[in-house]
Amino acid sequence: MNAHLPGVAPSVTAQLVAALTPRLRKRLDAGVAKVAARPVAREGDMVRIALDDDTDLELHAPDGVVTSAEGIRCGCLLAPDCLHRAAVASAAPVADPTAPPATAPPATDLQEPAPPTEPSAPPEAATPAQRTASAALHDAAAAVLEAGTDGAGAVLQAELLRAAHTARLAGLPRAAGRAVAVVTALRAARGGDPDYRLTDLTTALRDVLVLAHRLPDAAGPELAELRGSVRQPYSPDGSLRLYGVFAEPVLSATGYAGAVTWTADAAGRLYTVSDVAPGGAERATGAADRAVRLGDTALTHRELSRAGLAVSGATVSPTGRLGAGAGVRAVRASGVDWDAGPLDRLWAVPVPEQISRALRDDRAGGEAREDRDLLFLDVTLVGTVREAAGECLVADCGGLRLRLAAAHDHPALPHRENLRLLASVPGARLRVVARLTPGPLPRATLLAVSHPNDPGGRVDLGLDRLRRADLPTVPLQQARPSHEPSHEPSPHPPPPHDTPPHEPPPAIDDAPVHLLRRRVMQAVSGGRRVLAFPGDRAAEVARLRRYGLGTAGELLAELHTTAADRARDPFGRLLPADTGRFVRAWLGAAVYTESLDRALCAAAWGADPTADPTADRTADPTRPDDPAPRAAVR
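Residues numbered from 1 in each chain as written. Predicted model: local features only at pLDDT ≥ 70, side-chain atom pairs only at ≥ 80, totals over all residues. Heavy atoms only, no water.

Engineer: Sorry, what's going on with unusual backbone geometry here?
Structural biologist: Peptide bonds are trans in most cases, and residues, glycine excluded, mostly fall at negative phi. The omega torsion of the bond from alanine 79 to proline 80 falls at 5 degrees, within 30 degrees of zero and hence cis. Within the secondary structure, proline 80 sits in the loop between β6 (72-74) and α4 (83-91). (Helix = DSSP H or I, 4+ residues; strand = E, 2+ residues; numbered from the N terminus.)

Written out as structure tokens, the structure is:
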């Protein structure tokens, strides 16, 4: 995927690839690699790629997105039936079909559609078009799982984009968006993108298959939740007095970038102001100094994160995003420090309650609030630990060992550099904002911290760059904390402050969920054939059962069996594998693993799993034959 190219609508890519002859389809992946390596020149809404001295490719992208096949023109002799047009569409980022155009003014119908005069009733049952679209999504996603990342080239990606477009036309924006996320992750994997994560691809593929499985039989409120919504309705919220909390850059794999500023009202409820549009790293770093598009204020995102706003006629989406309609008025107001009211309310919530809230809201689906996974913690830096993705901080949080990783690895953003500097001051006591990373170990990505050498100051780790001069010059072990942890301490004593910086945290003897998780991810990476290799899997199944994970053992055995099961015809020739059975086995294992990971995450943080209203579908690692995760795939 070439980040310098404009986004291309999914339907455009699907249309151009479908028009290729079988011979050209076989050459498409090579054509994508060739086009992606050519220089790109941009002139306004026109992007040109020089294929050679005499031939140019042109992409017409108003508002940064190519929305029709006619927007891609080639100067070669075979055009418009050439390989180049499909190749450049397959090399470009997939445009988000739900995003507003970059040039949209603050008050537009895209941002704040007028509410209907009467509330519409939820749909009673899936329509025939929605069932057809679900089947197409299932088949396209199953083909990707069968092939793995190495085999899921541009042709399979185009089939999934076609299914996504069909789903969107059928009124299934949530499934369409997750299908686009699968294609984006596939392109990142095949292109060697350093930001690619196998877990992201696995999650997106699982979501598509779950939605395709549940949608045909859903009805009423369940169907409304599974369908999702294209536009967020904004409802009036009167007058608001807001206080800036922090700001973070946005740099997505779908070609969108910008900044989001988080604010809170006097009750501690969070609201966001965003400026996200088509662009790359330059826009992500520059958006912080753009004026906030809200009322008459001239504050930039960087300034708002430390100041305040007085808003009248406010409109708010269900996710907490502030609208910027014509009737909204906003003026600058004073801000407060994190350890002063009302912002200190955010850190006053006990950590286990924050974790329960994050896991509950994240599992609820639908219009979950954007702040659902934010954590507000008081920590003491202990040292660092090296992982495959790089070093991360180890911190003590009320006696709990916590890993704090960089939120983004792009070199244009200062996350990783700031994390490295913070690692040089073990013993520093900081108030931080982080985003939960669900897993069997307490883990989060670091977004903002209180300034280590400036009481009352703060650092937005994705926008501000720490310097050596910003770090304390006195031994931190002797420094007095500016604030104490606001939650009840753990019965385990905190680690000594003289712990060596690179000492890893103590090993945790947790349940071997990785045995099943590893096979789930191997299938995504290498396809069905990787799990079909001969070998004795009985030891892994037996180990899972010894830990009381009988269902996990059965799912693992079924996954290997369906991957290797190949019938033969009367002449002894192998017949095609039963892809449907393999997909069902993989989906059951993936859903079970995700449920068990969340249960272990709650236990690792000391959270109460009963606080989750969907906890009855969460696997209990102490029960040997818990059927709950399996029931999630009906």
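Engineer: Please clarify how a negative patch on the surface should be interpreted in this entry.
Structural biologist: A surface patch of like charges, here negative, comprises Asp52, Asp53, Asp54 and Asp56. You can see aspartate 53 is positioned in the loop between β3 (46-50) and β4 (56-60). (Patch = residues over 30% accessible without salt bridge, like charges linked within 9 Å, V, L, I, M, F, W, Y side chains within 5 Å. Areas by Shrake-Rupley, 256 points an atom, 1.4 Å probe, with all protein chains shown as cover. Salt bridge = Lys/Arg side-chain N within 4 Å of Asp/Glu carboxyl O. Lys, Arg positive; Asp, Glu negative; His and termini not counted. Charge placed at Lys NZ, Arg CZ, Asp CG, Glu CD.)

Engineer: Is there a simple way to explain helix α18 (residues 550-564) in this structure?
Structural biologist: Count 3.6 residues to each turn of an α-helix, and residues three or four apart come out pointing the same way. The first and last C-alpha atoms of α18 sit 22 Å apart over 15 residues, in line with the 21 Å expected at 1.5 Å per residue. If you check which residues of α18 are buried, you get Gly550, Thr551, Ala552, Gly553, Leu555, Leu556, Leu559, His560, Thr562 and Ala563. (Expected span 1.5 Å × (residues − 1). Buried < 20%, exposed > 50% of the residue type's maximum accessible area, 1.4 Å probe, protein only.)

Engineer: What should I look at first to understand the confidence of the model for the protein chain in this one?
Structural biologist: Interpretation of this model should avoid reading the predicted coordinates in detail wherever pLDDT is low. For the protein chain, the mean per-residue pLDDT works out to 82, and 83% of the residues sit at or above 70. Across residues 361-366 the pLDDT falls below 50, and counting only partners more than four positions away or on other chains, this stretch makes 16 contacts in the model. A low-confidence stretch, residues 475-509 (pLDDT under 50), is modelled with 50 contacts involving residues beyond four sequence positions or located in other chains. (pLDDT = per-residue confidence, 0-100. Contact = heavy atoms within 4.5 Å.)

Engineer: Help me out: how do you make sense of the sheet that holds strand β8 (residues 256-264) in this one?
Structural biologist: Strands in a sheet are paired, the pairing made by backbone hydrogen bonds, and the direction either parallel or antiparallel. Pairing in this open sheet of five strands is antiparallel, and the strands run β9-β8-β7-β10-β11 from one edge to the other. Lying at the two open borders of the sheet, with one neighbouring strand each, are β9 (270-278) and β11 (329-333). Each adjacent strand pair in this sheet contributes to an overall mean axis angle of 35 degrees, direction not counted. The pairing of strand β7 (residues 235-251) with strand β10 (residues 308-316) spans seven bridges and is classified as antiparallel. Opposite arginine 241, over in β10, you have alanine 310 as the bridge partner. (Pairing = 2+ DSSP bridges. Axes fitted to C-alpha atoms, helices over the stretch in contact; angles between N-to-C directions.)

Engineer: How should the packing of helix α5 (residues 128-151) against helix α19 (residues 579-605) be read in this particular structure?
Structural biologist: Angle between the axes and distance between the axes are the two parameters that describe a pair of packed helices. Where α5 meets α19, the closest approach of the two axes is 10 Å, and the angle between their N-to-C directions is 85 degrees. As judged from the angle between their axes, α5 and α19 are roughly perpendicular. Here His138, Ala142, Leu145 and Glu146 of α5 lie close against α19, whose contacting residues are Thr579, Phe582, Val583 and Trp586. A breakdown of the residues in the contact of α5 with α19 according to their chemical character gives five nonpolar, two polar and one charged. (Parallel < 35°, antiparallel > 145°, perpendicular 65-115°, else oblique. Nonpolar A, V, L, I, M, F, W, Y, C, P; charged D, E, K, R; others polar.)

Engineer: How do you make sense of the side chain of asparagine 418 when you look at a structure like this?
Structural biologist: Of note, asparagine 418 is situated in helix α14 (residues 415-422). Looking at asparagine 418, the relative accessible area reads 0%, which means it is buried. There is a polar contact of 2.7 Å between the side chain of asparagine 418 and the backbone oxygen of aspartate 464. Residues contacting asparagine 418, with those up to four places away along its chain left out, are Leu461, Asp464, Arg465 and Leu466. (Polar contact = N/O pair within 3.5 Å; in protein donor to acceptor, adjacent residues only side chain to side chain.)

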